[in-house]
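Chains, contacts and geometry: an overview
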Amino acid sequence: MQDSSSVGIVAPQTAHFQQPLTLKSGEVLPAFDIIYETYGALNSTRSNAVLICHALSGNHHAAGKHQEDDKHPGWWDNLIGPGRPLDTNKFFVIALNNLGGCHGSTGPASINPATGKPWGSQFPMVTVEDWVASQARLLDYLGIEQLAAVVGGSLGGMQALQWTLDFPDRVRHALVIASAPNLTAQNVAFNEVARQAIMTDPEFFDGDYYEHDTVPRRGLRIARMLGHITYLSDDAMGAKFGRKLRDGSLKYNFEVEFEMESYLRYQGDKFATAFDANSYLRMTKALDYFDPAFAHHGDLSLALSKAQADFLVVSFTSDWRFSPARSREIVKALLDNEFAVSYAEVTAAHGHDAFLMPDPHYHQILRTYLANINTGAGT
Amino acid sequence: MSTEIVREAENRRDFALIAEWVQPKSKVLDLGCGDGSLLAFLRDKLEVKGYGVDKDDANLLACISNGISVIQMDLEAGLAGFDSLSFDYVVLSQTLQAMVNTEGVLREMLRVGKQGIITFPNFGYWRHRIQLMAGHMPVSDNLPHQWYNTPNLHLCTIDDFEALCAKMNIRITDRIVINEGDTVSFMPNLLGSLAIYRFEQAAWPISY
């Protein structure tokens with residue numbers, strides 16, 4: 001039976017953009033596609049739109065199912081739907097796949113019109129700023145002047161923050177969840193190991209593996225395994241797997257012995273067949289590059305002074321990849337500017353992944369904040 | 001969205017007295033802000049720019065629901081994250097007695113705020129003294145808990161508080177003592193149940 005709080009069956013749409021997009025790197029995308037989904041209805045005053053920004057491996061399919069028998073709904077389905085914290089009875093929710101991705105928006109596996117071949121290694125570096133610029137184009141296309149809110153976790157939270165800086169008058173609220181004002185050296189290091197795993201895979205062919213009919217699966221698999229370690233807390237891993245053995249006894253060989261190994265291999269395998277290595281490389285680079293304070297000599301307060309939005313910042317106590325201390329840096333900079341900001345530090349065991357979990361208190365925070373957003377008389 | 005709590009706050013004599021000391025459109029930080037009712041009251045009366053601090057999950061939700069900006073953190077850890085003298089007033093309402101680090105909190109209040117405003121139950125109130133003489137820990141409207149479940153750690157009398165201020169070189173600019181909503185000016189340490197102070201850091205004397 002259909003769950004009445006689900007958005008139900010959804011279908012992605014694709015917007016084509018012929019106007020070139022100049023990227024932060026200076027390179028130019030001559031034209032591009034953005035694939036997106038929407039949930040709920042845009043009100044008559046077009047004042048109830050909420051943009052969802054995805055994280056490293058996310059995409060446009062945030063809620064509902066494409067087919068009745070899909071095994072899983074969209075990646076943030078527990079948040080989005082009629083009566084759910086991001087209530088589609090109130091809001092018109094837009095989720096998209098970012099440029100450089102591999103789920104339908106223009107990315108490294110797309111055909112480069114200049115060569116007639118996949119972009120591959122030639123696909124430019126994309127940044128959080130570039131994504132925000134392309135997302136703004138999508139809003140123009142949809143006829144939405146101003147967002148009621150922009151919402152994102154992790155790398156998505158960085159986009160939410162960037163929105164308030166690049167288009168201050170186009171966003172009324174920003175929900176910045178499990179995010180950071182930039183990556184720590186340790187985070188950059190993890191990303192670099194992930195990239196090296198991919199780039200040293202013999203099937204990588206400098207990023208032009210499409211024409212060799214190969215996929216650098218081993219590299220992508222290791223990159224994802226590494227990622228998974230950092231998304232979970234030590235405690236969460238211990239609670240879930242501990243030193244549990246898959247077959248009850250040690251075998252004294254290199255096959256899967258511990259449940260932990262089994263989980264990582266499974267996650268790695270699943271991801272390596274579903275995601276594009278070139279996209280993964282670029283998503284990690286976008287993370288590394290994000291640093292709004294950099295252009296202001298490291299002064300985050302000055303960097304954020306352009307914003308006009310109200311903010312909700314949320315962190316999770318066990319998140320060591322994007323720790324509460326990093327969220328507090330954002331909060332401090334917002335306070336320095338006397339902006340309206342609330343900050344929630346959610347007690348959660350799941351580590352960085354907590355932002356995707358349906359923790360009741362966390363969801364209640366989002367529900368309460370979103371319920372107070374005024375969408376005008378047009379609702 | 002917060003009209004209901006403001007309506008309730010209208011009946012709070014301590015809120016009304018605090019409001020008399022706060023300049024319109026000033027910036028207020030309320031430590032241990034609860035559901036944000038004082039800030040909602042000051043916002044509606046005086047258009048103050050207010051922020052609350054509370055560590056409790058339920059209070060955080062209440063503040064967000066009431067449209068009050070709230071920062072979830074533990075006061076005991078200090079006010080890192082708030083710049084020095086970035087607020088006109090830092091308020092600590094009925095919370096001082098529950099703090100572990102009493103002096104540290106007072107010091108942080110006057111680092112972040114130009115002035116501090118504090119309220120606390122007067123342990124020296126005569127009804128408290130009578131209960132003690134009768135052999136029991138005081139329980140009253142302002143001290144509603146039993147000894148075994150009270151959050152209070154550092155209860156003090158009006159005279160005790162003023163002695164601490166003197167020791168910390170804190171200058172008390174205003175004091176109002178009330179009992180059941182009425183101002184008490186005669187023997188306040190005996191007849192007053194709730195004390196409300198406004199204070200600021202005095203310049204330390206130059207020593208040679």
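The model shown is predicted, which means the values in this text are computed figures rather than measured ones. (Residues numbered from 1 in each chain as written. Chains lettered and ligands numbered in written order. Predicted model: local features only at pLDDT ≥ 70, side-chain atom pairs only at ≥ 80, totals over all residues. Heavy atoms only, no water.)

**Thoughts on the overall build of chain B**
- A tally of regular secondary structure across chain B gives 8 helices and 8 strands.
- At 17 Å, chain B has a C-alpha radius of gyration in line with the 17 Å of a compact globule built from 208 residues.
- In terms of principal-axis extent, the alpha carbons of chain B reach across some 55 × 45 × 30 Å.
- A total of 208 residues make up chain B; the buried ones form 52% of that total. (Helix = DSSP H or I, 4+ residues; strand = E, 2+ residues; numbered from the N terminus. Rg over C-alpha atoms; globule rule 2.2 N^0.38 Å. Buried < 20%, exposed > 50% of the residue type's maximum accessible area, 1.4 Å probe, protein only.)

**So, helix 4 (residues 217-231) of chain A**
Residue and element names in this part refer to chain A.
- In this model helix 4 runs 21 Å from its N-terminal to its C-terminal C-alpha over 15 residues, within 8% of the 21 Å that 1.5 Å per residue would give.
- Among the residues making up helix 4, those that are buried are Gly219, Leu220, Ala223, Arg224, Met225, Leu226, Gly227, His228, Thr230 and Tyr231.
- Where helix 4 is buried, its residues meet helix 3 (185-199), helix 5 (234-240), helix 6 (259-274) and helix 7 (277-289). (Expected span 1.5 Å × (residues − 1). Contact = heavy atoms within 4.5 Å.)

**Remarks on helix 10 (residues 360-371) of chain A**
- End to end, helix 10 of chain A covers 16 Å across 12 residues, agreeing with the expected 16 Å (1.5 Å per residue, within 8%).
- Buried residues of helix 10 of chain A: His361(A), Tyr362(A), His363(A), Ile365(A), Leu366(A), Thr368(A), Tyr369(A) and Leu370(A), and no others.
- Lining the buried residues of helix 10 of chain A we find strand 7 (86-87), strand 12 (173-177), strand 13 (310-316) and strand 14 (341-346) of chain A together with helix 4 (57-65) of chain B.

**As for the interface of chain B and chain A**
- Contacts between the two partners involve 19 residues from chain B and, on the opposite side, 20 residues from chain A.
- Buried surface at the junction of chain B and chain A, both sides included, amounts to about 1600 Å², of which 56% is carbon and sulfur.
- Contact with chain A buries surface across chain B, with Leu61(B), Ile64(B) and Gln72(B) losing the most and accounting together for 32% of the total.
- The tally of links from chain B across to chain A stands at 2 salt bridges. (Buried area = accessible area lost by both parts, 1.4 Å probe. Salt bridge = Lys/Arg side-chain N within 4 Å of Asp/Glu carboxyl O.)

**What about the pattern of salt bridges?**
- Throughout the structure, instances matching the rule amount to 25 salt bridges over all chains.
- A salt bridge links Glu47(B) to Lys25(B), with the shortest nitrogen-to-oxygen separation between them at 3.9 Å. Here Glu47(B) is found in the loop between helix 3 (37-46) and strand 2 (49-54), whereas its partner Lys25(B) is found in the loop between helix 2 (13-21) and strand 1 (27-31), with 22 residues between them in sequence. Each member of the pair, Glu47(B) as well as Lys25(B), carries the same accessibility label: exposed.
- Overlapping salt bridges, with partners in common, bring together Glu192(A), Arg195(A) and Asp288(A) in one network.

**Examining the state of the cysteines**
- In this structure the tally under the stated criterion is 0 disulfides over all chains.
- Here Cys53(A) stays unpaired: no disulfide links it, and the sulfur of Cys102(A), its closest cysteine neighbor, is 17 Å away.
- Owing to a relative accessible area of 1%, Cys53(A) belongs among the buried residues under this scheme.
- Not engaged in a disulfide, the cysteine Cys165(B) finds its nearest cysteine sulfur in Cys156(B); these two sulfurs lie 9.1 Å apart.
- Of the residues examined, Cys165(B) reaches a relative accessible area of 1% and is grouped as buried. (Disulfide = S-S within 2.5 Å.)

**Examining the packing of helix 2 of chain B against helix 3 of chain B**
Residues and elements named next belong to chain B.
- Where helix 2 contacts helix 3, the two axes come as close as 10 Å, and the packing angle between them is 50 degrees. One element, helix 2, and the other, helix 3, form an angle in the oblique class. The hand of the helix 2/helix 3 crossing is right-handed. Counting all contacts with helix 2, which are made through Phe15, Ala16, Ile18 and Ala19, the residues of helix 3 involved are Ser37, Leu38, Phe41, Leu42 and Leu46.
- Here the residues of the contact of helix 2 with helix 3 sort into 8 nonpolar, 1 polar and no charged. (Axes fitted to C-alpha atoms, helices over the stretch in contact; angles between N-to-C directions. Parallel < 35°, antiparallel > 145°, perpendicular 65-115°, else oblique. Left-handed = near helix turned anticlockwise from the far one by under 90°. Nonpolar A, V, L, I, M, F, W, Y, C, P; charged D, E, K, R; others polar.)

**Comments concerning the pairing of strand 4 (residues 87-93) of chain B**
All names here are of chain B.
- With 6 of its 7 residues buried, strand 4 lies for the most part within the structure.
- Bridge analysis of strand 1 against strand 4 gives 4 bridges, and the strand direction is parallel. Bridge assignment links leucine 31 to a residue of strand 4, and that residue is leucine 92.
- Of the pairings in the sheet, the one linking strand 4 to strand 5 (residues 113-121) comprises 6 bridges and is parallel in character. Pairing of valine 91 across the sheet is with isoleucine 117, part of strand 5.
- You can see the chain leave strand 4, run along helix 5 (residues 102-112) and come back into strand 5, and the turn it takes is right-handed. (Pairing = 2+ DSSP bridges. Right-handed = clockwise from strand over helix to strand, strands pointing away.)

**Focus: the packing of aromatic side chains**
- Summed over the entire model, instances satisfying the criterion amount to 25 aromatic pairs over all chains.
- Taking the centre distance of 6.1 Å and the plane angle of 90 degrees together, the rings of Phe275(A) and Tyr280(A) count as edge-to-face.
- Among the residues examined, Phe275(A) registers a relative accessible area of 7% and is labelled buried.
- By relative accessible area, Tyr280(A) is classed as buried at 3%.
- Ring geometry for Phe120(B) and Tyr197(B): centres 5.9 Å apart, planes at 5 degrees, overall stacked. A residue pair is termed long-range when its members are at least 10 positions apart, and Phe120(B) in strand 5 and Tyr197(B) in strand 8 (residues 194-201) qualify at 77 residues. The residues Phe120(B) and Tyr197(B) share a single accessibility class, namely buried.
- Each residue in the set Phe17(A), Phe32(A), Tyr36(A) and Tyr141(A) is aromatic and connected to the rest through ring pairs, giving one cluster.
- Looking at Arg170(A), its charged tip hangs above the ring of Phe167(A), at a distance of 5.9 Å from the centre.
- The ring of Phe271(A) is capped by Arg224(A), whose NZ or CZ atom sits 4.2 Å from the centre of that ring. (Phe/Tyr/Trp six-rings, centres within 6.5 Å; stacked < 30°, edge-to-face > 60°. Lys NZ or Arg CZ within 6 Å of the ring centre and 35° of its normal.)

**Some thoughts on unusual backbone geometry**
- Here Ser154(A), not a glycine, exhibits a phi torsion of approximately 60 degrees, which is positive.
- As for its position among the elements, Ser154(A) is in the loop between strand 11 (149-153) and helix 2 (155-166).
- Given the relative accessible area of 8%, Ser154(A) is considered buried.
- Notably, Leu85(B) is not glycine yet its phi reads approximately 55 degrees, a positive angle.

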